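Chain and residue survey
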Amino acid sequence: MTAGPLPEMSVEEAGRTAGRVLEEVGRAVVGNRHALRLVLATVLAGGHVLLEDLPGLGKTLAARSLATALGLDFARAQFTPDLLPADLTGSYLFHQHSGEMVFRPGPVHTQVLLADEINRTPPKTQAALLEAMQEHQVTVEGVTHPLGSPFVVLATANPVEHEGTYPLPEAQLDRFLTRVSFGYPAADDELDVVLRRVARRREEVALDAVTDAEGVLAMQACVETVGVEESVGRYCVDLAAATRAHRDTAVGASPRGSLALVLLARAWALLEGRDFVVPEDVKTVAPAVLAHRLVLRPELWLGGGSGAEVVRDVLGSVPTPSTSGSDHGASAGAR
């Protein structure tokens, strides 16, 4: 945890720093630029990311590379069916020399936690992670231990293997600010991966830290200064409301979904070097923010329907507001 006042940073400076972070991560992770920007925007918005994708597409590499470029501590927890909450949060051990019970922190006591294959662990352990994500603290034997700051969870899930898994409940999915998928790389990008590996003659890619924990906190504080016109805030609310009224949804996005839209749109605007949000920012981040918050009607499960299709329909049906740009400094109170 950092101490003392944070360094002051303008939106332009924060945007340039974020750009350098993405360039550094790009030395290890080829392609997937849009997905990486979404992950970084989520970190800058103070949220957590669910990386749901097939094996071998760079989820772990992206998480580790991002932590390195941001200058943050990194820990990985492999979620298995026998993982206990104490294995994640830490536990008390008897210290023979002092005769006292001493707390041994678990992997959650870090700044960037990779929760690998989160859907392979039972709900009891998932709940322990949920407390850390929501409250930035863990409770062990009745004692609360605060976590440091910044604290980000990057969780991975394999969407095609269901045997021996424990699907995340909707309440926990809702705690992830975004759900991001990398997808298969383009042929040229995949060739670039192969050629880079052959050229460096080793597996690891050595990255440099672009910033540090104080710098990340300063960028997060800078996101909070990005302005949101009332019309854009109402647009986010209308999009969330439209998912509730959509014919294919049993449960639409909650008010947390509309708030998440505003939060991530602010971070996306910062990445673009702007100190105000435009509707296009909202449209860009909407699929990653809203799709995983929707519960489809049961009859659509076998038909291949998806939350992403609902979001596309909603974006096409809800009128896009016009913004003046002159009063973009006025916030819609979206925090």
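Residues numbered from 1 in each chain as written. Predicted model: local features only at pLDDT ≥ 70, side-chain atom pairs only at ≥ 80, totals over all residues. Heavy atoms only, no water.

**Remarks on the sheet that holds strand β2 (residues 74–78)**
So the rule is basically this: Strands are labelled as partners when DSSP assigns at least two bridges between them. Comment: elements are numbered from the N terminus, with helices defined as DSSP H or I runs of at least four residues and strands as E runs of at least two. Convention adopted: a line fitted to C-alpha atoms gives each axis, helices being fitted over their contacting stretch, and angles between N-to-C directions are expressed from 0 to 180 degrees.
A sheet is described by the order of its strands in space; here 5 strands give the open sequence β2-β5-β8-β1-β9, paired in parallel fashion. Looking at strand neighbours, the two that pair on one side only are β2 and β9 (178–180), the edges of this open sheet. Within this sheet the neighbouring strands show an average axis-to-axis angle of 20°, counted without direction. Where strand β1 (residues 49–52) meets strand β8 (residues 152–157), 4 bridges bridge the pair, whose relative direction is parallel.

**Structural notes on the pairing of strand β3 (residues 90–95)**
The side chains of a regular strand alternate, first on one face of the sheet and then on the other. Judged from the 6 bridges that link them, β3 and strand β4 (residues 100–105) form a sheet pairing that is antiparallel. In the strand pairing of β4, glycine 90 is matched with proline 105. A loop of 4 residues connects β3 with β4, the two strands running antiparallel in sequence, and glycine 99 in this loop sits at a positive phi of about 70°.

**Let's talk about the packing of helix α9 (residues 230–245) against helix α10 (residues 255–271)**
To keep things clear, this is the line we draw: Each crossing is labelled by how the near helix is turned from the far one, with a counterclockwise turn of less than a right angle marking it left-handed and a clockwise turn marking it right-handed. Here, two residues are considered to be in contact whenever any of their heavy atoms come within 4.5 Å of each other. Amino acid classes used here: Ala, Val, Leu, Ile, Met, Phe, Trp, Tyr, Cys and Pro are nonpolar; Asp, Glu, Lys and Arg are charged; the rest, including Gly, are polar.
One way to put it is that α9 packs onto α10 with a least axis distance of 8 Å and a crossing angle of 140°. Crossing of α9 against α10: the hand is right-handed. Of α10, the residues touching α9 (which contributes Cys236, Val237, Leu239, Ala240 and Arg244) are Pro255, Ser258, Leu261 and Val262. Residues of the contact of α9 with α10, tallied by class, amount to 7 nonpolar, 1 polar and 1 charged.

**Structural notes on the pairing of strand β6 (residues 137–140)**
Keep this limit in mind: Partly exposed describes any residue whose relative accessible area lies between the buried limit of under 20% and the exposed limit of over 50%, with all areas from a 1.4 Å probe on protein chains only and scaled to the type maximum.
Burial along β6 is one-sided: Val138 and Val140 are buried, and none of Gln137 and Thr139, which face the opposite way, are. As paired elements, β6 and strand β7 (residues 143–146) share 4 bridges and run antiparallel to each other. In the sheet register, valine 140 faces β7, and the bridge partner there is valine 143. The antiparallel pairing of β6 with β7 creates a hairpin that spans 2 residues between the two strands, and glutamate 141 there sits at a positive phi of about 50°.

**Quick notes on the environment of leucine 154**
Position of leucine 154 among the secondary structure elements: in strand β8. Residue leucine 154 is classed as buried on the basis of its relative accessible area of 2%. A C-alpha to C-alpha distance of 9.8 Å links leucine 154 and isoleucine 118, two positions 36 residues apart in sequence. Residues in contact with leucine 154, not counting those within four places in the same chain, are Val39, Val49, Ala63, Val112, Leu113, Leu114 and Ala115.

**Things to note about the packing of aromatic side chains**
Note the following rule: Each pair of aromatic rings taken from Phe, Tyr and Trp, with Trp reduced to its six-membered ring, is defined by centres within 6.5 Å and is described as stacked if the planes are under 30 degrees apart, edge-to-face if over 60, and tilted in the remaining cases. Charge over a ring is defined by NZ of Lys or CZ of Arg lying within 6 Å of the ring centre and within 35 degrees of the ring normal.
Scanning all chains against the criterion turns up 1 aromatic pair. Between tyrosine 92 and phenylalanine 103 the ring centres are 5.3 Å apart and the planes differ by 55°, which places this aromatic pair in the tilted class. Separated by 11 residues along the polypeptide, tyrosine 92 in strand β3 and phenylalanine 103 in strand β4 bring together distant segments of the chain. By the burial criterion, tyrosine 92 is buried, and phenylalanine 103 matches it. In this arrangement the basic side chain of arginine 37 is found over the ring face of tryptophan 268, its NZ or CZ atom lying 4.6 Å from the centre. The ring of phenylalanine 276 is capped by arginine 274, whose NZ or CZ atom sits 5.7 Å from the centre of that ring.

**Regarding the pattern of salt bridges**
Selection criterion: Salt-bridge detection follows one rule: a side-chain nitrogen of Lys or Arg within 4 Å of a carboxyl oxygen of Asp or Glu.
As enumerated under the stated definition, the model contains 15 salt bridges in all. With its nearest N and O atoms 2.5 Å apart, the salt bridge here joins aspartate 174 to arginine 293. Pair noted here: aspartate 174 is in the loop between α6 (170–173) and β9 and arginine 293 is in the loop between α11 (279–290) and β11 (295–296), with a separation of 119 residues, a long-range link. The class of aspartate 174 is buried, set by a relative accessible area of 12%. Assessed through its relative accessible area of 7%, arginine 293 is described here as buried.

Purely spatial values, then, with no claim about function.
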